[in-house]
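Results of the structural survey
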Amino acid sequence: MTIVTHTTQPFDGQKPGTSGLRKKVTVFQQPRYLENFVQALFDGLEGAQGSTLVLGGDGRFHNRQAVQVILRMAAAHGFGRVLLGQGGILSTPAASCVIRARGAYGGIVLSASHNPGGADGDFGIKYNVGNGGPAPEKITDGIHARTQQITQYRISDAADIDIDTLGERRIEGMVVEVIDPVADYAALMAECFDFDAIRKLFAGGFRMRYDAMWAVGGPYARALIEGVLGAPAGTVVNAEPKEDFGGLHPDPNPVNAEDLIAHMAAADAPDFGAASDGDADRNMIVGRNFPVAPSDSLALLAAHATVAPRYAEGIAGIARSMPTSMAADRVAAALGVPCYETPTGWKFFGNLLDAGKVTLCGEESYGTGSDHVREKDGLWAVLFWLNVLAATGQSVEQLVRSHWAQYGRNYYSRHDYEGIDTAAADKLMSGLRAQLPQLAGQVLEGRRVRQADDFGYVDPVDGSKSAKQGVRILFDDGSRVVFRLSGTGTEGATLRVYLERYEADVARQGEDTQAALAPLIAVARNVARIAEITGRKTPTVVT
Ligand code: VG1
Ligand code: CO
């Protein structure tokens, strides 16, 4: 075994987005592409020599090959130990958990998350720091800067090692410890929730369907829900991680998880449905014929948090991404705790969690989590719901409707225009930005604009600034329309339009969401001139 230095040249576009670097598999398969990025990452790490790195991925196509390359490069960089999930598998929340539980220097997660997989799908890589959370922007910006200047990378010429058998082996001076990907995570979940109450719920005949979408959540959900909690075999479906996610899109929303929605709408539907995404950090919650909006889920869990042993003493605060509905703000106000509004992406929650300012976090994009790790956590959210269902004895629909009755309902929807021309998307956003100074005071579809701006954020802990995080049109009555471009897509641009309206009157809380938001949808289309600029009359995905 020898450590070899290879010369290389930079690749364009190795800039991490909302959550890591995501590209087509074919891009990652180019010689030196992954190596350049990993070398640029390692070059920025201070004091990593001799330390421990966590490594794993969501099992998608190219996962196993990438693991071998990263192991050889980690050995060349002088890491003392790599904790590798068996078979190269670790869900995103489990990686965060292992980094924290084992005091690792950091971790690398191989995933393009909710993006499609397979040979012609997407691949991704993200770096998490010692608190277990996604690297903050100053680190990802540094990685990107170095990818543009890179001239060489170092790698061991060792042969591929066995990544499927638990135990230790060596590459150069580095130990590779192949670990059970579920064990540390399962132990943490048992500390968070009242497992006895959930066991009783299942023992009493409560029925559930958990759709793992052929992704990495399957082994975790099986071990906990069917194994530890005693739900009948077959409760977790589509549970074997596949390299191409069975050809489906592992993005748990009512559009992509239509099979689960259909099961939950059937006459003999189970009591509770749930799904997680490619890397198991997202969750979708569905009652009998009753999908729950992610923003409502965050608010409801916050309102019921004390039923779970980990949160029995109450929560310190809540953080939500800016486009996430303001339902959580109302719960925070009622509890007398702060609610923080951050840019999109979990990396913005890390400082607030580390500083103890917040306990729960959430995003409208089916992401919920807490201070138990530093990532959003799909199965955690599902177990939290089970804990609430067990403690209250109510159905999902009853819980949500009584939540609305108490706090009001925030009608909420996101309209995505996927794969639009990048130049058109930029034109649309700059057109919106140009209108901002004139919008305040205008009356649009019967509502007066109170404020129109481009969301900027100053981190309350370290003062770091993030500008241009989404164009907001805020109305007098608390309604909002928000526009931003996706930072996770790999083809063209994706425009996301977020729509929200508050309704306090219980008698008017039962409307169809799209109908309730129709005037705001019209505002969005007209102000942004969506059809004219993008050529799209309707969104690709409505959630
Ligand atoms: C999307 C979501 C965002 C989420 C991110 C990563 O980002 O909107 O809320 O944090 O995906 O989720 P964007 O930039 O495409 O809107 V995951 O589960 O794909 O890591
Ligand atoms: Co994900």
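Above this text sits the structure in question.
In short, a report on the structure. (Residues numbered from 1 in each chain as written. Chains lettered and ligands numbered in written order. Predicted model: local features only at pLDDT ≥ 70, side-chain atom pairs only at ≥ 80, totals over all residues. Heavy atoms only, no water.)

Moving on: the side chain of lysine 376. Tracing the backbone shows lysine 376 in the loop between strand E18 (367-370) and helix H13 (378-392). Lysine 376 sits in the buried class, given a relative accessible area of 10%. Here lysine 376 is in contact with Pro93, Asp281, Arg282, Trp346, Glu363, Gly367, Thr368 and Gly369, once residues within four sequence places are set aside. (Helix = DSSP H or I, 4+ residues; strand = E, 2+ residues; numbered from the N terminus. Buried < 20%, exposed > 50% of the residue type's maximum accessible area, 1.4 Å probe, protein only. Contact = heavy atoms within 4.5 Å.)

It is worth spelling out helix H17 (residues 518-528) at this point. Listed in full, the buried residues belonging to H17 are Leu520, Ile521, Val523, Ala524, Val527 and Ala528. Down the axis of H17, the smallest arc covering the buried residues is 155°, so these residues share one side. (Arc of directions from axis to C-beta.)

For the structure shown, the criterion picks out 16 aromatic pairs. A ring pair is formed by phenylalanine 193 and phenylalanine 384, whose centres lie 5.3 Å apart and whose planes are at 50°; its orientation type is tilted. One end of the pair, phenylalanine 193, is in the loop between helix H6 (183-192) and helix H7 (195-203); the other, phenylalanine 384, is in helix H13, with 191 residues separating them in the sequence. Per residue, the accessibility class of phenylalanine 193 equals that of phenylalanine 384, and both read buried. Aromatic rings pair up to connect Phe11, Phe28, Tyr33 and Phe123 into one cluster. Taking the ring centre of tryptophan 214 as reference, the NZ or CZ of lysine 242 above it sits at 4.0 Å. Note that arginine 409 overlies the ring of tryptophan 404, its terminal NZ or CZ placed 4.0 Å from the centroid. (Phe/Tyr/Trp six-rings, centres within 6.5 Å; stacked < 30°, edge-to-face > 60°. Lys NZ or Arg CZ within 6 Å of the ring centre and 35° of its normal.)

In the vicinity of ligand 1 lie 20 residues, with Thr18, Ser113, His114, Thr488 and Arg496 positioned nearest. Within the side chain of arginine 282, one N or O atom sits 2.7 Å away from an oxygen atom of ligand 1. Between ligand 1 and arginine 496 there is a distance of 2.6 Å, counted from an oxygen atom to a side-chain nitrogen or oxygen. The cavity where ligand 1 resides is the largest cavity. A breakdown of the residues in the shell around ligand 1 according to their chemical character gives no nonpolar, 10 polar and 10 charged. (Near = heavy atom within 4 Å. Polar contact = N/O pair within 3.5 Å; in protein donor to acceptor, adjacent residues only side chain to side chain. 1 Å grid on protein atoms, 1.4 Å probe; cavity = no way out; pocket = protein on both sides within 12 Å on 5 of 7 lines; lining within 4 Å. Sits in = over half its atoms within 2 Å of the grid points. Nonpolar A, V, L, I, M, F, W, Y, C, P; charged D, E, K, R; others polar.)

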